[in-house]
Each structure stands twice: as structure tokens, then as C-alpha cells.
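Given next are the chains, with one letter for each unit.
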Amino acid sequence: MKKIITYGTFDLLHYGHIQLLKRAKAMGDYLIVGLSTDEFNWNEKQKECYFNYDKRKMLLESLRYVDLVIPEENWEQKVNDIKEFRVDTFVMGDDWEGKFDYLKEFCEVVYLSRTPEISTTQIKEMKKNENKDK
Ligand code: C2G
């Protein structure tokens, strides 16, 4: 069984995230998602999530492409995750191109093209503008 892993916040889940997860799953048989906890998002990525970890986890677990969701609590856990789950391939969007090359010692590292024109930030902006127009 070929195992794939990817990590992210996946807040306000949108088709850019789905495209990434779909392509990641197509590379193997089993997809694990390291989902950033609320604390990790705030402390390390200065991201305040619209949906909390449990809701984001529930959304991901409802997707046909996702087989397992684990918490991402720090930047350093990736090596242990890859070893513990016997991961074959680590996948990230290419906005992270090169940032995780150190993982090549442990598994294949693949950066997939991001889906342009959609992001959680843009969704929030669109909502803000809609409210202004009201
Ligand atoms: N993504 C994408 N296209 C978009 C938006 C996001 O392909 N339009 C991808 C990102 O490249 C990433 C994944 O979807 O691979 C999750 O995106 P985020 O939730 O923004 O993840 P991020 O905050 O970048 O966290 O340790 C890694 C970090 O946890 C990644």
C-alpha cells in the first residue's frame, strides 16, 4: 500500500484544497492529512481559523480522498510522522517549493501546482466586500 502524506490548515475548505488532495491521493492508495491545530496555526502561522480544528477535521474526514487526519502541532513532527506511518510520498502545494526538501532523506517529496485564483484569504475578502455592499 503506497502511503501519501500532506499537511495544511484547510480552513474554509475550497476547491483549491480539494484539487490538491485529489491529486495527492491519486499518487498512492492511502492519504494522510496532517491538519494544523488551532494553536499551531495561531502561534506558528499567525492564522486565525474561521472553523476550529474539530470542524476542519470533520470536513476533511468526509472527503473520499482522505483516509486519515492527524494533528499537526509543530514544524518538526514530519520526520516522525513519515517514519511512524511508513509514508512513501510527501506532497505539498508548490507555494512550499523547496521548503521540505530535507524530507527527501526519508521519502519522495512532490510539490504540486497550486490552484490559482482561490484562497481562504480571498474568500474572506469577498465576504467582507459583500457585507460592505449591503
Ligand atoms: N493549496 C492549493 N491551492 C490553493 C490553496 C491551497 O493547492 N488555491 C494547497 C496548499 O499549497 C497546501 C494545501 O492546499 O498544500 C493546504 O493549504 P493551506 O491550508 O493554506 O496550508 P498552509 O497554511 O500552507 O500549511 O506544514 C505545512 C503547513 O501546515 C502548510
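So, here's what we can say about the structure. (Residues numbered from 1 in each chain as written. Predicted model: local features only at pLDDT ≥ 70, side-chain atom pairs only at ≥ 80, totals over all residues. Heavy atoms only, no water.)

**Details of unusual backbone geometry**
Phi at Phe10 takes a positive value of approximately 50°, unusual for a residue other than glycine. Judged by relative accessible area, which is 7%, Phe10 ranks as buried. For Leu12, which is not glycine, the phi torsion reads 50° and is therefore positive. Of note, Leu12 is situated in the loop between strand 1 (3-8) and helix 1 (15-26). (Buried < 20%, exposed > 50% of the residue type's maximum accessible area, 1.4 Å probe, protein only. Helix = DSSP H or I, 4+ residues; strand = E, 2+ residues; numbered from the N terminus.)

**Considerations on the pairing of strand 5 (residues 108-112)**
In terms of residue burial, strand 5 counts as a mostly covered element, since four of its five residues are buried. Of the strand pairs in this sheet, strand 4 (residues 89-93) and strand 5 are connected by five bridges, and their pairing is parallel. Each bridged residue has a counterpart across the sheet, and for Met92 the counterpart in strand 5 is Tyr111. (Pairing = 2+ DSSP bridges.)

**Looking at the site of the ligand**
Neighbouring the ligand are 21 residues; Lys47, Glu72, Asp95, Thr115 and Ile118 lie closest to it. Between the ligand and Lys45, the relevant distance is 2.9 Å, taken from an oxygen atom to a side-chain nitrogen or oxygen of the residue. Expressed as a share of its isolated accessible area of 640 Å², the protein-covered part of the ligand is 95%. Of all the elements in the fold, those that place two or more residues in the shell around the ligand are strand 1, helix 1 and strand 4. Sort the elements by how many residues they give to the shell around the ligand and helix 1 lands first, with three residues. (Near = heavy atom within 4 Å. Polar contact = N/O pair within 3.5 Å; in protein donor to acceptor, adjacent residues only side chain to side chain. Areas by Shrake-Rupley, 256 points an atom, 1.4 Å probe, with all protein chains shown as cover.)

**Structural notes on the pattern of salt bridges**
Going through the model one piece at a time under the given rule, you end up with nine salt bridges. In this structure, Lys78 engages Glu72 in a salt bridge whose closest nitrogen and oxygen atoms are separated by 3.3 Å. The same class applies to Lys78 and to Glu72, which are both buried. Where Glu125 meets Lys128, a salt bridge forms, and the shortest distance between an N and an O atom there is 3.4 Å. Of the two residues, Glu125 and Lys128 are both situated in helix 5 (residues 120-133); the distance of three residues between them amounts to about one turn of the helix. (Salt bridge = Lys/Arg side-chain N within 4 Å of Asp/Glu carboxyl O.)

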